[in-house]
Amino acid sequence: MGVQKNYIGGEWVDGAAERDNINPSDLSDVVGTYAHADAAAVASAVEAARAAAPAWNRSTPQQRYDALEFVGNEIMARREELGRLLSREEGKTLPEGIGEATRAAQIFKFFAGEALRIQGEKLQSVRPGIDVEITREPVGIVGIITPWNFPIAIPAWKIAPALAYGNCVVFKPADLVPGCAWAIAEILSRSGLPAGAFNLVMGRGSVVGEAILTNPAIGAVSFTGSVDTGKHVAATCAARLAKVQLEMGGKNPMVVLDDADLGVAVGAAVNSAFFSTGQRCTASSRLIVTEGIHDRFVEAMVERIKTLKVDDALAAGTEIGPVVDESQLAQDMKYLEIGKGEGAKLAVGGERLNRGKEGFYLQPALFTETTNDMRINREEIFGPVASVIRVKGYDEALAVANDTSFGLSAGIATTSLKYASDFKRNAEAGMVMVNLPTAGVDYHVPFGGRKGSSYGPREQGRYAAEFYTVVKTAYTQP
């Protein structure tokens, strides 16, 4: 297949180096070889974006709609192929991979429509005879830096609004999963965008990402990743007064009350904690359970976890795929040892598994008899590891749920309208789920959190305009 190149100024460009993309389900399977950009390539991409910006900033809504609709339609038509690619390179199960590809298509199609609905306001001035217009304009050039855990959906929900609102894009995907990013870039290369409106630069964050953050021509940076890196992104962008949007970590609570339907609670908890191998910022790794249902809940969770099929992401019936790579697996194993050292009881799981081929397989793990001050309940593990915290009642459950430095998603399992309503109002999170998994959100509504989870305007839905546009107020005296 050859080396898959970077895309700069409408051309496919060789990299300064290259790297193999390895399947975490089968380490002998090379998904492809991808070029690595360097700082000079990023500078070239920014210059291409600058050259394209005047025309694309002032393109018609129809031009933007046509390009984004083309991308959405092709991703949808190829969702099984792209979902398989995603599952090969990242380790999600094939149904999850196809589902994520479908979501990416829906996002592009949604923002195609939004390109036709960019709104403004016309007001009367407080001064006689003067009109006031409030309009939204593109930021200009947007740097986009995405993580490895959602390698097609997260790029889609950043790239699509950036282009819909008339910005040019310099896009750096996670070094670990270049395949889906390259596939999106290849489709965009045929979408009718002018050369330079979209650019793909693959490579290391310390090189490519840093060059994006420090380039003075990039007016806004949207980043999803770790808290520590997010803080660096924010500080670097603030130093040159660039707009910044951060989505970072989570330590999300799932509260289970005595009155909950046990089947609903267990289903939501297993999905939240372990699907996508627990590698979701919205995963529920803290299961906060009131004492009246605690023992039954734990017993049912243990039995369900024992039945989860952990296997090759592409194998039929697989429910949990591999951990994404060796370093993430090592982190998961480290936290399993930390939990045991803190006195938590490992009720089930936590064993490295052999599946007949070399891969990063880990049995989902559940700790019990934990307290909220343990490291396993304070720090994001980002793997198939969850803890049960026993509490007396709803008030304590809410207090424990909010006792975290994060605030992305929170869930509650209850049949009480009173407690559900109170939790929706008082949970300190950007998204709240009642009798649903904490992971899994719609593409047409805002996504984001509070505290250490998010910084800056929300992503997705109509709220994306807050980041990808600037507001202009114009006065006219006829």
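Remember, predicted model here, so these are calculated numbers, not experimental data. (Residues numbered from 1 in each chain as written. Predicted model: local features only at pLDDT ≥ 70, side-chain atom pairs only at ≥ 80, totals over all residues. Heavy atoms only, no water.)

> Got a minute to help me understand the overall build of the protein chain in this structure?
Of regular secondary structure, the protein chain possesses 15 helices and 25 strands. Considering only C-alpha atoms, the protein chain reaches an extent of 70 × 65 × 40 Å along its principal axes. Partitioning the contacts of the protein chain with sequence separation of at least 6, the portion at a separation of at least 24 is 72%. When the accessible surface of the protein chain is summed, it comes to about 18700 Å², and 51% of that surface belongs to carbon and sulfur atoms. Across the protein chain, the centroid of the 48 positively charged side chains sits 4 Å from that of the 56 negatively charged ones. (Helix = DSSP H or I, 4+ residues; strand = E, 2+ residues; numbered from the N terminus. Contact = heavy atoms within 4.5 Å. Areas by Shrake-Rupley, 256 points an atom, 1.4 Å probe, with all protein chains shown as cover. Lys, Arg positive; Asp, Glu negative; His and termini not counted. Charge placed at Lys NZ, Arg CZ, Asp CG, Glu CD.)

> How do you make sense of the sheet that holds strand β6 (residues 121–124) when you look at a structure like this?
Neighbouring strands of a sheet are bound in pairs by backbone hydrogen bonds; such pairs are parallel or else antiparallel. Read across the open sheet, the 3 strands follow the order β6-β7-β25; overall the sheet is antiparallel. Edge positions in the sheet fall to β6 and β25 (469–476), since each has one partner strand and no second. When strand polarity is set aside, the average angle formed by the axes of neighbouring strands in this sheet is 25°. Here β6 runs beside strand β7 (residues 131–138); their pairing, made up of 4 bridges, is antiparallel. Pairing of lysine 122 across the sheet is with glutamate 133, part of β7. (Pairing = 2+ DSSP bridges. Axes fitted to C-alpha atoms, helices over the stretch in contact; angles between N-to-C directions.)

> Please explain the pairing of strand β12 (residues 243–247) as it appears in this structure.
With 4 of 5 residues buried, β12 lies mostly within the body of the structure. Across 5 bridges, strand β11 (residues 220–224) lies against β12 in parallel orientation. By the bridge assignment for β12, phenylalanine 223 is matched with leucine 246. In this fold, β11 hands off to helix α8 (residues 227–239), which returns the chain to β12; that crossover is right-handed. (Buried < 20%, exposed > 50% of the residue type's maximum accessible area, 1.4 Å probe, protein only. Right-handed = clockwise from strand over helix to strand, strands pointing away.)

> Quick question: what am I supposed to make of the packing of aromatic side chains here?
To describe a pair of aromatic rings, one takes the distance between the centres and the angle between the planes. The final tally for this structure, using the stated rule, is 9 aromatic pairs. Centre to centre, the rings of tyrosine 7 and tryptophan 12 are 4.7 Å apart; their planes meet at 45°, and the pair counts as tilted. Note on tryptophan 12: relative accessible area 31%, which makes it partly exposed. Between phenylalanine 110 and tyrosine 443, the aromatic rings sit 6.2 Å apart at their centres with planes inclined by 75°, giving edge-to-face as the arrangement. Within this pair, whereas phenylalanine 110 is found in helix α4 (residues 94–115), its partner tyrosine 443 is found in the loop between β22 (431–434) and β23 (450–451), the two being separated by 333 residues in sequence. (Phe/Tyr/Trp six-rings, centres within 6.5 Å; stacked < 30°, edge-to-face > 60°.)

> Looking at this structure, I do not really get a negative patch on the surface. What am I missing?
There is a patch of like negative charges on the surface, built from Asp258, Asp259, Glu291 and Glu396. Examined against the element boundaries, aspartate 259 turns out to sit in the loop between β13 (252–256) and α9 (262–274). Given a relative accessible area of 30%, aspartate 259 falls into the partly exposed group. (Patch = residues over 30% accessible without salt bridge, like charges linked within 9 Å, V, L, I, M, F, W, Y side chains within 5 Å. Salt bridge = Lys/Arg side-chain N within 4 Å of Asp/Glu carboxyl O.)

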